[in-house]
Amino acid sequence: MGEAREVMDRLTDAVTTHADLKVIGELYAEDAVAFTPDEGELRGRDNIVEYWRTMTEAVPEATFQSLHSYEVGDTAIDEGIFSGRNTGPLELPNGETLPPTQKEIRIRGVDIATVRDGRIVDYRLYFDEMDFLGQLGLLPPDDPF
C-alpha cells in the first residue's frame with residue numbers, strides 16, 4: 001500500500017467510523033483544494049475541515065462501504081456507499097440550517113485524493129446531490145402535471 005492509499009483510508013475512517021476533525025485537518029495540506037457537488041470549490045484546509053464538520057455532524061454515525069479502491073501513483077480513488085441516519089442539523093450552502101430529518105441515507109459516490117508529502121493537496125468528491133436531498137425528504141413531491 002502506498003502513501004496515497006494510506007492517507008485516503010485514514011480520511012475515510014476520520015469522516016465515518018471514528019469521526020475526528022483534528023485528524024481530518026492533519027490529512028490536508030494547508031493550501032489544499034477540494035471540489036464537492038454541494039459546495040463547489042473549497043480552498044484551504046480550514047474550509048475543507050468545515051465542510052467535513054457539517055457532514056459529520058449531520059450524519060454522526062456514518063459508515064462507508066468500499067466497492068472499488070485504487071491507487072495510481074500519488075492518487076487514491078474510492079468508489080463506495082456512504083450511509084447513515086441524519087440525526088444532526090444539516091447546514092446548506094446558502095447558510096440555512098435544517099433540523100435533523102431522522103431519515104436513513106445511502107449515497108453512492110467517488111472520492112479522488114492526490115497526496116504529496118503525506119497530505120492531501122487535491123480532493124474531489126462526486127455524489128448525486130439530488131439523490132441525497134431526496135432521501136432526506138427535502139425535495140418537493142413530484143408533480144405529474
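All figures in this text were calculated on a predicted structure; none of them were measured in a lab. (Residues numbered from 1 in each chain as written. Predicted model: local features only at pLDDT ≥ 70, side-chain atom pairs only at ≥ 80, totals over all residues. Heavy atoms only, no water.)

### Comments concerning the overall build of the protein chain
Stated formally: Secondary structure elements are taken from DSSP: a helix is a run of H or I of four residues or more, a strand is a run of E of two residues or more, and numbering for both begins at the N terminus. For every residue, the accessible area (1.4 Å probe, protein chains only) is compared with the maximum for its type, and the residue is labelled buried under 20%, exposed over 50%, or partly exposed between those bounds. Whether two residues are in contact is decided by their heavy atoms, any of which lying within 4.5 Å being enough. Here the Shrake-Rupley method, with its probe set to 1.4 Å, supplies the accessible areas, and only the displayed protein chains count as covering residues. Positive charges come from Lys and Arg, negative ones from Asp and Glu, while His and the chain ends are left out of the count. The atoms used to mark charge sites are NZ of Lys, CZ of Arg, CG of Asp and CD of Glu.
Assigned secondary structure in the protein chain consists of four helices and eight strands. Here the protein chain holds 145 residues, and the buried ones make up 41% of them. Contacts in the protein chain between residues far apart in sequence, at least 24 positions, make up 57% of those at least 6 positions apart. With the model as given, the accessible surface of the protein chain reaches about 8,100 Å², and the carbon-plus-sulfur share is 50%. Between the averaged position of the 13 positive side-chain charges in the protein chain and that of its 30 negative side-chain charges there is a distance of 3 Å.

### Remarks on a negative patch on the surface
As a reminder, the rule being used: Within the patch definition used here, like charges are joined within 9 Å and nonpolar side chains (Val, Leu, Ile, Met, Phe, Trp, Tyr) within 5 Å, considering only residues with over 30% relative accessible area and no salt bridge. For this document, the term salt bridge refers to a Lys or Arg side-chain nitrogen within 4 Å of an Asp or Glu carboxyl oxygen.
Where like charges cluster on the molecular surface, the negative patch consists of E3, E6, E71 and D117. The topology assignment puts E71 in strand β3 (residues 63-72).

### Examining the pattern of salt bridges
Scanning the entire structure with this criterion turns up eleven salt bridges. E50 is the salt-bridge partner of R53, the closest N and O atoms lying 2.5 Å from each other. Residue R53 and its partner E50 are both found in helix α3 (residues 45-58); the two are separated by three residues, about one turn of the helix. Taking the relative accessible area as the measure of exposure, E50 reaches 36% and is therefore partly exposed. Here D122 makes a salt bridge to R124, at a shortest N to O gap of 2.8 Å. Among the ionic contacts, a cluster of salt bridges with common partners joins E50, R53, E57 and E91.

### Concerning the UniProt feature "domain: SnoaL-like" (unreviewed entry) in the protein chain
To be explicit about the condition: UniProt positions are given in the numbering used here, feature names are shortened, and annotations may be inferred rather than shown by experiment.
When the UniProt feature table is mapped to this numbering, "domain: SnoaL-like" (unreviewed entry) covers residues 10-123. Between the end C-alpha atoms of residues 10-123 there is a gap of 14 Å, over a span that is 24% helix and 49% strand.

### Description of the packing of aromatic side chains
Each aromatic ring pair is summarised here by two numbers: the centre-to-centre distance and the angle between the ring planes. Stated formally: Stacked, edge-to-face and tilted are the three classes for Phe, Tyr and Trp ring pairs, Trp counted by its six-membered ring, which pair at centre distances within 6.5 Å; planes under 30 degrees apart are stacked, over 60 edge-to-face, the rest tilted.
Across all of its chains, the model carries four aromatic pairs by this definition. With a centroid separation of 6.0 Å and 80° between ring planes, the pair formed by Y28 and Y123 is classed as edge-to-face. Pair noted here: Y28 is in strand β1 (residues 28-36) and Y123 is in strand β8 (residues 119-127), with a separation of 95 residues, a long-range link. Judged on exposure class, the residue Y28 and its partner Y123 are both buried.

### Some details on the pairing of β8
Put simply, the rule reads: We treat two strands as partners when DSSP finds at least two bridges between them.
Here four bridges tie β1 to β8, and the two strands are oriented parallel to one another. Residue pairing for β8: Y28 is matched across the bridge by I120. Linking strand β7 (residues 104-116) back to β8 in an antiparallel pair, the connection comprises two residues, with D117 at a positive phi of about 55°.

### Some remarks on the environment of L67
Locating L67 in the fold gives a position in strand β3. L67 sits 49 residues away from R116 along the chain, and the two C-alpha atoms are 25 Å apart. In this structure L67 touches E79, G80, I81 and R108, once residues within four positions along its chain are discounted.

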